[in-house]
Amino acid sequence: MGDVGQAAFECNDTSRPKGPSWWRQLAPVWANFLIGLPAMVPLHSAWLLLTEYRSCAFDNSGFGQTDCGGVDVIEGAGWARMGVVVFGGLGLLLVVALDVLFPAAYGRRIRPWLLGMFVIPVPYLTAVAALAMLG
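Parameters and conventions
Residues numbered from 1 in each chain as written. Predicted model: local features only at pLDDT ≥ 70, side-chain atom pairs only at ≥ 80, totals over all residues. Heavy atoms only, no water. Axes fitted to C-alpha atoms, helices over the stretch in contact; angles between N-to-C directions. Helix = DSSP H or I, 4+ residues; strand = E, 2+ residues; numbered from the N terminus. Parallel < 35°, antiparallel > 145°, perpendicular 65-115°, else oblique. Left-handed = near helix turned anticlockwise from the far one by under 90°. Contact = heavy atoms within 4.5 Å. Nonpolar A, V, L, I, M, F, W, Y, C, P; charged D, E, K, R; others polar. Expected span 1.5 Å × (residues − 1). Bend = angle between axes of the 7 residues up to and from the residue. Buried < 20%, exposed > 50% of the residue type's maximum accessible area, 1.4 Å probe, protein only.

Q: Mind laying out the packing of helix H3 (residues 40–50) against helix H6 (residues 122–134), listing which residues take part and the relevant values?
A: The contact between H3 and H6 brings their axes to 9 Å, and the two run at 55°. With respect to their mutual orientation, H3 and H6 come out oblique. For H3 against H6, the interelement crossing comes out right-handed. Residues Met 40, Leu 43, His 44 and Trp 47 of H3 pack against Pro 123, Tyr 124 and Ala 127 of H6. Partitioned by chemical class, the residues of the contact of H3 with H6 number six nonpolar, one polar and no charged.

Q: Any chance you could break down helix H4 (residues 71–106) for me, citing the residues and the numbers?
A: Between its first and last C-alpha atoms H4 spans 51 Å; for 36 residues at 1.5 Å apiece the expected length is 52 Å, and the two agree. Of all bends in H4, the biggest is about 35°, found at Ala 97. Buried within H4 are the following residues: Ile 74, Gly 76, Ala 77, Ala 80, Gly 83, Val 95, Asp 99 and Pro 103. Packing partners of the buried residues in H4 comprise helix H2 (22–36), H3 and helix H5 (111–116). Two residues or fewer past H4, Gly 107 is found with a positive phi of approximately 70°.

Q: Describe the side chain of Ser 45, and please don't skip the residues or the numbers.
A: Positionally, Ser 45 belongs in helix H3. For Ser 45, a relative accessible area of 9% translates into the label buried. With sequence-adjacent residues up to four places away left out, Ser 45 is seen in contact with Ala 80, Gly 83 and Val 84.

Below, the structure is given as structure tokens:
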């Protein structure tokens, strides 16, 4: 009598996927996408240094010691350099912690996390494309 009830509740292992769930497979992508949101600050700062503030980008002489443009260019280049160094450094530490140290500490494969790093510039590129279409 107990065997009849047990047979009705057996699970069918052939219907379940053999690998990890979709969420577990996409977790590195979503985590790196979320890192990409604050990474927009150093990415935009680097873009400004390479385009608008190029004349003062890597000039370390003091204020008034160089002729690289007006006061706006000199101050803007300083803020952009700070954005790259400070926010870029913190972002780099966050990427190393999330994509290298976290998988190593929990025994997960590191390859999906390293491949997920390609998603980091996507929010910035999306914002640039949207602003280019609007303006």
